[in-house]
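Close look at the chain arrangement
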Amino acid sequence: MPLMLLAGAVGAYSIIRGKPKLAATAALGAVGAVAMRRSAEKAATAQSKPNAAVASFVIRCSRERAYKLWRDFENLPRFMPHLQSVTRGREHQSHWTVAGPLGVHLSWNAAIVDDVQNERISWRSLPGSLVVNEGAIEFRPGPTEDSIVATLRMQYFLPGGAVGKTFATLLGRNPEFTVREDLRRFKAFLETGEIATTAGQTHGPRGIHGHLQNILLRETSNMPKPQKTANVQPIRRIA
Amino acid sequence: MKAVCWMGKENMQVHEVPEPRILNPRDAIVRVTATCICGSDLHLYDGLVPTLAQGDILGHEFMGEVVETGPGVDSGKLKTGDRVVVPFTIACGGCGPCHEELWSLCDNSNPNAWFVEKMMGHSPSGLFGYTHMMGGYAGGQAQYVRVPFADVGPIKVPQSLRDDQVVFLSDIFPTGYMAAENCNIQQGDTVAIWGCGPIGQFAIRSAFMLGAGRVIAIDHVPERLQMAREGGAETLNFDDVNVLGALREMTGSKGPDACMDAVGMEASGHGIQYLYDRVKQMLRLTQDRIGVLRECIQACRKGGTVSIPGVYAGFDDKVPMGAFMNKSLTLRTGQTHMMRYMKPLLERIEKGEIDPSFVISHRLPIEKAPEAYRIFREKEDHCTKVVLDPWAGAAAA
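Reference entry: report on the structure contained in this document.

Definitions and limits used
Residues numbered from 1 in each chain as written. Chains lettered and ligands numbered in written order. Predicted model: local features only at pLDDT ≥ 70, side-chain atom pairs only at ≥ 80, totals over all residues. Helix = DSSP H or I, 4+ residues; strand = E, 2+ residues; numbered from the N terminus. Buried ≥ 20, exposed ≤ 12 C-beta atoms within 10 Å, placed from the backbone. Contact = placed C-beta atoms within 7 Å. Axes fitted to C-alpha atoms, helices over the stretch in contact; angles between N-to-C directions. Parallel < 35°, antiparallel > 145°, perpendicular 65-115°, else oblique. Left-handed = near helix turned anticlockwise from the far one by under 90°. Nonpolar A, V, L, I, M, F, W, Y, C, P; charged D, E, K, R; others polar. Core = buried A, V, L, I, M, F, W, Y, C linked by C-beta atoms within 7 Å. Pairing = 2+ DSSP bridges.

Looking at the overall build of chain A
Within chain A, the regular secondary structure consists of six helices and seven strands. Ordered by position from N to C terminus, the α and β elements of chain A give α-α-β-α-β-β-β-β-β-β-α-α-α. A total of 239 residues make up chain A; the buried ones form 26% of that total. The contacts of chain A with a sequence gap of at least 6 include a subset with a gap of at least 24, amounting to 49%.

A few points about the packing of helix α8 (residues 243-250) of chain B against helix α10 (residues 291-299) of chain B
All names here are of chain B. The interhelical angle for the contact between α8 and α10, taken along N-to-C directions, is 30°, at an axis separation of 10 Å. Here α8 is positioned roughly parallel relative to α10, judged by the angle of their axes. Handedness of the crossing formed by α8 with α10: right-handed. Taking contact as the criterion, the partners of V243, L244 and L247 in α8 are, on α10, E295, Q298 and A299. Here the contact of α8 with α10 is composed, by residue class, of four nonpolar, one polar and one charged.

Structural notes on the interface of chain B and chain A
You'll often see interface size given as the accessible area lost when the parts meet. Contacts between the two partners involve 50 residues from chain B, matched on the other side by 38 residues from chain A. Every element with two or more residues in the side of chain B that touches chain A is listed here: β1 (2-6), β4 (56-57), α2 (96-99), α3 (113-120) and β9 (144-147) of chain B. When grouped by side-chain class, the residues that make up the side of chain B that touches chain A number 26 nonpolar, 18 polar and six charged.

Observations regarding the nonpolar core
Residues V30, V191, I193, A203 and M260 of chain B are the most contacted members of the largest nonpolar core, which totals 125 residues. If we ignore the near neighbours within four places in the chain, the residues touching M260 of chain B are A179, C183, V191, A192, I193, W194, A203, S307 and P309 of chain B. In this structure, V179, L183, L190 and I195 of chain A belong to the second largest nonpolar core, which totals 19 residues.

Considerations on the sheet that holds strand β6 (residues 132-141) of chain A
Residues and elements named next belong to chain A. Taking strand neighbours across the sheet as the criterion, the seven strands line up as β1-β7-β6-β5-β4-β3-β2 in an open arrangement whose pairing is antiparallel. Both edges of this open sheet fall to β1 (51-59) and β2 (83-88), since each of them pairs with a single strand only. Recorded for the sheet is a direction-independent mean angle of 20° between the axes of neighbouring strands. The pairing of β2 with strand β3 (residues 93-99) spans five bridges and is classified as antiparallel. Residue pairing for β3: R88 is matched across the bridge by S94.

Things to note about the environment of G303 of chain B
Tracing the chain through its elements places G303 of chain B in the loop between α10 and β15 (305-308). It is 31 Å that separates the C-alpha atoms of G303 of chain B and C98 of chain B, two residues lying 205 residues apart in sequence.

A word on the sheet that holds β15 of chain B
Residue and element names in this part refer to chain B. Strand order in the open sheet made by the six strands is β13-β12-β11-β14-β15-β16, with parallel pairing throughout. Each edge of the open sheet is held by one strand with a lone partner, namely β13 (234-237) and β16 (330-333). Shown here is a sheet whose adjacent strand axes are inclined to one another by a mean of 20°, direction ignored. Across five bridges, strand β11 (residues 190-194) lies against strand β12 (residues 214-219) in parallel orientation. Looking at the pairing, V191 lines up with V215 of β12. Its contacts with the sheet put helix α6 (residues 198-209) on β11, β12 and β14 (258-261), and the angle it makes with β12 is roughly 170°.

With respect to helix α5 (residues 172-181) of chain B
Residue and element names in this part refer to chain B. With ten of its ten residues buried, α5 lies for the most part within the structure. When α5 is considered as a whole, its buried residues turn out to be I172, F173, P174, T175, G176, Y177, M178, A179, A180 and E181. Along its buried surface, α5 packs onto β5 (61-69), α6, β14, β15 and α12 (338-350).

Examining the environment of Y274 of chain B
Structurally, Y274 of chain B can be placed in helix α9 (residues 271-282). Placed 15 residues apart in sequence, Y274 of chain B and R289 of chain B show a C-alpha to C-alpha distance of 7.5 Å.

Let's talk about the packing of α5 of chain B against α6 of chain B
Residue and element names in this part refer to chain B. Where α5 meets α6, the axes come as close as 7 Å, and the angle between the chain directions of the two elements is 55°. Considering their axes alone, α5 and α6 lie oblique with respect to each other. Here α5 runs over α6; the crossing is right-handed. Only P198, I199, Q201, F202, A203, S206 and A207 of α6 make contact with α5, whose side of the interface consists of I172, F173, T175, G176, Y177, A179 and A180. When its residues are assigned to classes, the contact of α5 with α6 shows ten nonpolar, four polar and no charged.

Looking at the pairing of β13 of chain B
The sheet contact formed by β12 of chain B and β13 of chain B spans four bridges and is parallel. Note on β13 of chain B: the bridge partner recorded for I216 of chain B is E234 of chain B.

Some details on unusual backbone geometry
Residue and element names in this part refer to chain B. Despite not being glycine, E101 has its phi angle at roughly 65°, a positive value. A positive phi angle, close to 60°, is found at K318, a residue other than glycine. Summarising the element assignment, K318 is placed in the loop between β15 and α11 (321-326). For K318, a count of 14 C-beta atoms within 10 Å gives the class partly exposed.

Some points on the environment of N326 of chain B
Mapped onto the fold, N326 of chain B is located in helix α11. Residues N326 of chain B and D219 of chain B, 107 residues apart in the sequence, show an inter-C-alpha distance of 28 Å.

That's the geometry; what it means functionally is another story.
Written out as structure tokens, the structure is:
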């Protein structure tokens, strides 16, 4: 639905501005959106398929530090920005909340199923969860004395199967991409104490070209939030 | 504040934009006192490098005074009031490549690494004022700039040296020096350098510092060839002579021991291969015109070294790989590993061994930036290097 609105808006804009090519593209987009909704309805009835993804990075840190950061699941949203929060529950359980597509929040409970200190942790959602998923992180010795190799494996059964994935992809959140970016941010956080970003930096007038580039480069969906929490007002500095 | 914004191909505009603010703990804000236009900015000006966005602030050669630091900046290394030159590559200081002093290959400073990985397999470091695949960081052709990982890159400079003398430590002096180092110069070697722009000029002087016996510089802009001769080079004007023939003659058919491409993706030239590249580039079938690179490979002596400081962006064809392989050549290149060179080169400036300000042809207020880009591109008015003053005409507060 929002796609159709977007297509409609672009169409209207291009007609006003006299850009027939763009209008035609927008019309195609609207047709596409309808078709996609149809296929979504169809797919929703089909059995959901798993989305497995794996990523691995060399990180310059000790296995102890990496394990410690991951083992406290409440840290995960720092480098997994699609996670709203993870809170500790009873024993080895935790409560996970994600900001899902279209502003819908999804949450589930998970439990640690394997935990070897400084080597690996794996967890799985509890039976009855809406988002059935499991994950595992493993830390092995790296190519140099001062590095490790971290491997993250995730498997999701997204709600609505293929549809879920389509929406996730549209939002820049397909599993392969997400898992790799999550682990990349984990590495950055361990190596530098922060995750590089340009979100909120100054710039000149963007116009349509500038905004479109931001979207195509996933800077609107994938760019980490600034991590300096103090809300400092920009001040006119003394020249 | 005022900032030079890229608004489209050949369309630079000076806009009033919000001042930068600290976003991450290790950021600093620098009040820019001198900022330059680089030859690589011209590739952006010409719209030839993908992933620039309308409204981007350009500029990666700048210096100034630290006016604010984030809570994560190591105050032993950088604090408010420090006068610093900022390197154009952004490095975190904590990853494997930074640890090996391969600063321009930092793993963590490019927030759009995923994108460039698709094109190149891996991501180099983030850069100031460049394309979004290099991070899309707002650049330093502005009155203020945000500097990430501020306790790693910026180098403090003494008050005794003028901005003019040290600002080129931000890029072109270290880049020319690394390009010469990449030539693997042995005492008395002959080095041929294509391109007598600012990088070429510093490369000529650096090659002599590293022991070259002879430098042959190639260009067609008279004042740049003159500047090369002042640096001690012999010169060839490619409008007048066949460069390959002349080099063969000058070296007794041996060929230069090292050949440097200080031109990059917008090489000028003559003949059929130049037209072929030009048309393909116009049709967006290729990003780069590689005429100079072809000549470097062709001219280089057997077992010699080809060094490329010139910027290339894409996937190029008609690279003479046959010559490259059969002549056992070595190719060395890369964005400059800035922090390896800034300190030793600052020492050379302090000792008076070199005054980098010789390269400056124009000093202009920031408002004149659009005009400056144009004359620099057209090489009008003997334009070799432009330094912009972001505060010219601003009322002192």
